[in-house]
Every structure is written in structure tokens, then in C-alpha cells.
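Observations on the model geometry
Here are the chains, one letter per residue:
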Amino acid sequence: MEQQKLVNSRQSKPEDLFSEAKKFIDLDLEKAMELTQQAAELAGQEKNYKLEVEILTFQARMTRLYGDPYHCLAILSKAFRVASNEIIDNHLALAYIYREYGVIYSDSFQDFFTGSKYFFKCLQLNAPEIQGVIYNNLGSNFIGIEKYDEAIRYLKKGEKISRMNGDYFVLAYILENFGELYKKKKKYDVAIDFFDKGLATIAATIDKLGSKKDLLYVKTKIYIELVECYLFKNDISKAKKVISEGKSIAIDSNFKSSYSELLFLEGKISLIENEKGKFFNLFGEAKLLAIENSFYPDIIQWYIELQKISEQKKEYKKALEYSKEILKIKSENAAKNNQLKISDLLVDKEQEILELEKKKAEIYRQKEELEQFAYIVTHDLKTPLSNIFKYSELFYYRSKGTVEPKNMKYLDYVLENSKHLSLMLTDLMQFTSLGREDNLVTFCSSEKILKQVLSKNKDLIEENNAQILYCNLPKLTIRKFHLELLFDNLIRNAIKFRRKSVAPIVKINCIENEHQYEFSILDNGIGIPEDYYERIFHIYKQLDKVNYEGTGMGLAICKKITNVYQGNIRVVNNKDAGCTFYFTIQKK
């Protein structure tokens, strides 16, 4: 039979299982939670992440209502990870998760600060579907820290939204919170009036929609508040009647936390009526319930009452024992709360990391678009520019001897500048293409690549009587084309910026350590003013535009290549003459 049940659950759709689970909530809680768990697992397997998060959030809420806050947090943590990592448009899913986090911290742990932090996160996500209930939650928290004006402000906002939307479930909660506020201000008749309005709202909603667990839960919360009001007014008979009704609902609906609170109030009445035997019986029942469900605040209340009884009887040894029990429970609670703070911190850090990853992805996307735009523009400009150069050159040769020398100079100027601009565009295309090549990174010989570069520049080297020396060149993992560009640009620069009547000498070396290769290109040329140490690596920045040809792109290309390999490039002047360029390539 169990095997058949398992097979059926595997064959079912997650949405069908979830729908079935909701039907069992009022009939068989254990069965409902089992189906919910199966539905969440199946939704995850099918990669239906929105549904998985919805199911997990529902499961967490049910777990909270039935009195297991720590398990609820574990479920929410999973829901948060799935929503953050797998759902693109996740603001509504996160809002519901944050709301549950807020309620757990506020109601179960009485940590109003952390609870409010999550409620404000909900508001920032701008989810109108739950705005009314969030205002109610914030109002409740401000009541908890006795900031009543703030509480009223948020409760009124929530009341307005819930009435406008016809959300009588949230309205019932808001009326309960108004009642609690006036109870704390010791205006018990005003408080009772609000509680009665809340109960009337619940009754009307149940008549319209049928009995719902959430509505019954609010009802038990109102009953607890009403009992406290009647006790303050010394109306014991009404208090006992409400406790009886509240306990009946809590037992039928399996609301353990509400039942625990009602047990304590019943215990207080037994002390007022001097029924100490009944008090101790109720304490025994409440203690088992509190230990089983980690209801630390509830069990502390009982021990405080027991301590008072012992002190009244002058049984100070017993009073001391109860005092030690209180400290022990507080210590256990503090340890749990520390775990919660760590968990809370991890949630915050995970969210920060996800936000950074999203920003990084957006920056990368914009960078890609910009590079594509630059490449397209430079490519499209090259064709008309090439035509300008060709026709200008054709006109130049056909007009030789027929055009005045003065006008020929203008034509020379057009040819010279169009040629220079064409070179600039070629270099810019190369610059924007870096990092976008399909060339695979390979393990190659830097010495072999250098020899290919020297062979390509053979005429330049011989014309300038240059001497190229090299040693210690390693094998490394890099795109061959990238290393070729680095050597080519730096060697050509070393020859170009030579001293007059001094033959260029270029020395190339490499030092290898655990993490990187550091190449050096030393020359005996004119050197570089210190003011230009950084600027020469920027696009189109030239050291001397008048006396030396070039586009100012070569060193910018070198810098971009080293960045690809998490390295860097720098230059320093030598003591005697010339300068040395250093560039690094990370091994990783």
C-alpha cells in the first residue's frame, strides 16, 4: 500500500499535490504536510521554481502556525535560495518569504527589530498584494516596543488597504492589534470593543467563505487578548468562558502556540482562585508542550509564577531552583538566538552576493554591447574612409603637373590624415576585439612566439641596426595571438623611440614565481617622462605626436591583454638611458 502511494505521488503533478494538500489542512494536518513536502520536491525536480517557492512558503507558514518556528526557518531558508538563484522576476516571491521571516522573529522570538527589518524589506519590493498585511505586522511590532503613535499610523494604513481590497482576514488581524494597543494603554473597554469587532469580522467571513485555518488562528489570538482584558477587569467568569472556547479551537486546529498561551492564562486564574493543585497540573501539561516545541517565553512565564509561589510560602530553596531553571532556559534560548542571528546574517550576505552578481552580469552585458557597438562603428567607418583615401590618391596621381603646387599640398594633407585615421580605426577594431576571439588558450613557447615576431619585423630591425637579446623565456598558457601582440607593440616602440645616432638595443627577459610570469622589455632609447607613466596606456595617448608616427593604441592594447590574464603592465626609466616595460601574466 505504501509502495502504491509512493508511485501515485511520483505520477502526480506538483500543482495537483499542492491543491490536495490544501484540502487536508483542516482535516488531517500530518497528511497535508506530507503532500506539501512531496509537491515541493516534485516541483523542484521539474524545475518549476516559482511553484516550488510558493509551496515552500506555504509549508513554512503552516509550520509556524502549528508551533515549530525553527523548522519554519529551515524551510524559508530553502525557499529564499531557490527564489534568489532560480527565479528572474522574484520580487513577489521574496516579499512573501520576507514576510514569513518577519512574523517568525516578531511573534515566535519577540525580536521586533529583526522582524521589522524583514517587513521593511517587503515594502521596498513594492508588492501591493501583501502591502496591507505588512502594515499590520509593522503596527504590531511598534506595539511590542511601545511606540503607539507609530503603531496607529501603520495600522490605519493597513486598515484602509484591507477595507478597499475587501481583505477581511487582514482586517481581523488589524482590529486585534488595535485591541492589543489599547489593552497596553490600559483602556480595556476600548480594547474589548476592538476585539469584538475583530470576532464579528471573522464570523462574517466564515459565513461567506467557510471555516479557514488562518481565520481560526486569528480568533484564538483575539481570545488570548480578551482573556487578559477580563483578568485586568477582574471578570473571571468571562475570562474562563473565553479560555474554554479558545482551547477548543486550538485543540481542534492543532494550534500549539495558542494552546500554550491559553494554558498559562488558565493557570493564572487557578492561582487567583487558590487552586494550586490545578495550577501544577496545568504546569505539567504546559511544560511538556513547551519543551517539545521550543516555546521558551511560555515556559519562563510558568517558572516566574512558580518562583513567586515559593517566595510567598518562604520556600526559598525551591525559589532558587526555579530561578536557576529560568537562567538555564534563557541560556538555551540565547544559544538558539545566536544561531538564528548567524542564519539571518547568512541570508543578508547571500542577498548581497546575489545583488553583486546581478550588477556584475549587467555590467558585463553593457560592456559587451559597448564593445559590439565600437566594433561595428569602426568597421562601418573603414569602408567610406578607405574610399576617400583611394579616390584622393587616384586624383593625386592624375592631377600631378596640372594642379598648382599649393593645392597639391592640401591633397597631401587629405591623404596623410585619411591614412592615419585608417590606422587608428584598424587599431581600435583590434582593441575592441580583444577578449572576444575564439582562439583557444594553449600551452605554448614564448621564445618561439618571439622569434615569429622578430621574423615579421626583420626589415624594421635591419633598417635601424637594432640588436634584440633575450633569455629565460618560458612556456606558458596563453592565447598565442595575445603574446604576439604584446611582443610586437613593445619591441616596435623600443625601436621607434630610439636615440639619434645610437643603435637600438632591446633586452627581453622573464622571471617566473609561484603565481605569475613577469616579462621585461628593456631598451636604450629616449625614455619616458614620469608624468606619462600612466597616461601612455590610455587609448590614443601618444608621447610625441609631432616627431613620431602612430595612433596611440599600441600600449592600450597591451594593457587590455594583461588585464585579460589578471596581470598588469608598467614602465620605469633606466638609470643610464631608455626605459623598461614590465608586464605580468597570471599562471591561474
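The preceding data block contains the structure.
Calculation notes
- Residues numbered from 1 in each chain as written.
- Predicted model: local features only at pLDDT ≥ 70, side-chain atom pairs only at ≥ 80, totals over all residues.
- Heavy atoms only, no water.
- Pairing = 2+ DSSP bridges.
- Helix = DSSP H or I, 4+ residues; strand = E, 2+ residues; numbered from the N terminus.
- Axes fitted to C-alpha atoms, helices over the stretch in contact; angles between N-to-C directions.
- Contact = heavy atoms within 4.5 Å.
- Buried < 20%, exposed > 50% of the residue type's maximum accessible area, 1.4 Å probe, protein only.
- Parallel < 35°, antiparallel > 145°, perpendicular 65-115°, else oblique.
- Left-handed = near helix turned anticlockwise from the far one by under 90°.
- Nonpolar A, V, L, I, M, F, W, Y, C, P; charged D, E, K, R; others polar.
- Core = buried A, V, L, I, M, F, W, Y, C linked by side-chain atoms within 4.5 Å.
- Expected span 1.5 Å × (residues − 1).

1. Examining the sheet that holds strand E7 (residues 579–586)
- Strand order in the open sheet made by the five strands is E2-E4-E5-E7-E6, with mixed pairing throughout. Looking at which strands have only one partner, the edges of the open sheet turn out to be strand E2 (467–470) and strand E6 (569–573). For this sheet the average axis-to-axis angle between neighbouring strands, irrespective of direction, equals 15 degrees.
- The pairing of E6 with E7 spans five bridges and is classified as antiparallel. Within E7, the residue paired with Arg 570 across the bridge is Tyr 582.
- On the sheet, helix H21 (residues 480–496) packs against E2, strand E4 (505–512), strand E5 (516–523), E6 and E7 and is oriented at approximately 175 degrees with respect to E7.

2. What about unusual backbone geometry?
- In this structure, Asn 254 is a non-glycine residue whose phi angle is positive, near 65 degrees.
- Residue position: Asn 254 is located in the loop between helix H13 (236–253) and helix H14 (256–272).
- The exposure class assigned to Asn 254 is partly exposed, which follows from its relative accessible area of 30%.

3. Points about the packing of helix H7 (residues 112–124) against helix H8 (residues 131–144)
- One can describe the packing of H7 onto H8 by two numbers: an axis separation of 10 Å at closest approach and a directional angle of 155 degrees. Considering the angle they form, H7 stands roughly antiparallel to H8. Crossing of H7 against H8: the hand is left-handed. Residues Phe 112, Gly 115, Ser 116, Phe 119, Phe 120, Cys 122 and Leu 123 of H7 lie in contact with H8, whose contacting residues are Gln 131, Ile 134, Tyr 135, Asn 137, Leu 138, Asn 141 and Gly 144.
- Here the residues of the contact of H7 with H8 are counted per class, giving eight nonpolar, six polar and no charged.

4. Some thoughts on the nonpolar core
- Core analysis: the biggest nonpolar cluster contains 113 residues, and Ile 97, Tyr 101, Leu 226, Trp 302 and Tyr 303 have the highest contact counts within it.
- Ranked by the residues each element gives to this core, the list is headed by helix H12 (residues 213–232), at 12 residues.
- Among residues more than four places away in sequence, those in contact with Trp 302 are Leu 263, Phe 264, Gly 267, Phe 279, Leu 282, Phe 283 and Ala 286.
- Counting residues in hydrophobic clusters, the runner-up holds 41 residues, among them Phe 487, Cys 510, Ile 528 and Tyr 533.

5. Some words on H13
- With 18 residues, H13 should reach 26 Å at 1.5 Å per residue; the first-to-last C-alpha distance of 26 Å fits that figure.
- Looking at the buried residues of H13, the elements they touch are H12 and H14.
- Two residues or fewer past H13, Asn 254 is found with a positive phi of approximately 65 degrees.

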